[in-house]
Amino acid sequence: MLIRNEEELEICKNLKNINFKILKSDKINISSTQIRNMIKNNEDISGIVPKEVRDYIEKNNLYRE
């Protein structure tokens, strides 16, 4: 989930049994659908998402179908 402001962050912190990690990154104007489509088309997303996110997607073979 992308947290866009402090209010959303506080909501997430109050959720029970939910593990999450906060990654700091610059905001860019692209949708998750565009990123998923890029992955399906074997396009490079390294300049769009943080390395940790790209590594997780690759490790878990996400969005390939």
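Provided above is the structure to which this section pertains.
Values in this document were obtained by computation on a predicted structure and should not be read as measured data.

1. Section: the overall build of the chain
Within the chain one finds 3 helices and 0 strands. For the chain, the N- to C-terminal ordering of α and β elements is α-α-α. Expressed along its principal axes, the backbone C-alpha trace of the chain runs to roughly 35 × 25 × 20 Å. Burial analysis of the chain (65 residues in total) assigns 12% to the buried set. Just so you have it, the chain exposes about 6,000 Å², and 46% of that area is on carbon and sulfur atoms. Averaging the coordinates of the 12 positive side-chain charges in the chain and doing the same for the 11 negative ones gives two points 3 Å apart.

2. Considering the environment of Glu-43
If you trace the backbone, Glu-43 turns up in the loop between helix 2 (32–40) and helix 3 (51–59). For Glu-43, a relative accessible area of 42% translates into the label partly exposed.

3. Let's talk about a nonpolar patch on the surface
Together, Ile-11, Leu-15, Ile-18, Phe-20 and Ile-22 line one region of the surface with nonpolar side chains, adding up to about 450 Å² of accessible area. Take Ile-18: its relative accessible area is 47%, and that puts it in the partly exposed class.

4. What about the nonpolar core?
If you look at the biggest cluster of nonpolar residues, it comprises 6 residues: Ile-35, Met-38, Ile-39, Ile-45, Val-49 and Ile-57. The element best represented in this core is helix 2, accounting for 3 residues. Among residues more than four places away in sequence, those in contact with Ile-57 are Ile-39, Ile-45, Leu-62 and Tyr-63.

5. Remarks on the packing of aromatic side chains
What characterises a pair of aromatic rings is the spacing of the ring centres plus the angle enclosed by the ring planes. Inspection of every chain in the model, using the stated rule, returns 0 aromatic pairs. In this structure, Arg-36 packs its charged tip against the face of Tyr-63, placed 6.0 Å from the ring centre.

6. Things to note about the pattern of salt bridges
Applying the stated criterion across every chain, the model contains 3 salt bridges. A salt bridge links Arg-54 to Asp-55, with the shortest nitrogen-to-oxygen separation between them at 3.6 Å. Sharing partners across several salt bridges, the network here consists of Lys-51, Arg-54, Asp-55 and Glu-58.

Rules and cut-offs
- Residues numbered from 1 in each chain as written.
- Predicted model: local features only at pLDDT ≥ 70, side-chain atom pairs only at ≥ 80, totals over all residues.
- Heavy atoms only, no water.
- Helix = DSSP H or I, 4+ residues; strand = E, 2+ residues; numbered from the N terminus.
- Buried < 20%, exposed > 50% of the residue type's maximum accessible area, 1.4 Å probe, protein only.
- Areas by Shrake-Rupley, 256 points an atom, 1.4 Å probe, with all protein chains shown as cover.
- Lys, Arg positive; Asp, Glu negative; His and termini not counted.
- Charge placed at Lys NZ, Arg CZ, Asp CG, Glu CD.
- Patch = residues over 30% accessible without salt bridge, like charges linked within 9 Å, V, L, I, M, F, W, Y side chains within 5 Å.
- Salt bridge = Lys/Arg side-chain N within 4 Å of Asp/Glu carboxyl O.
- Core = buried A, V, L, I, M, F, W, Y, C linked by side-chain atoms within 4.5 Å.
- Contact = heavy atoms within 4.5 Å.
- Phe/Tyr/Trp six-rings, centres within 6.5 Å; stacked < 30°, edge-to-face > 60°.
- Lys NZ or Arg CZ within 6 Å of the ring centre and 35° of its normal.

Keep in mind that these numbers describe shape and distance, not what the molecule does.
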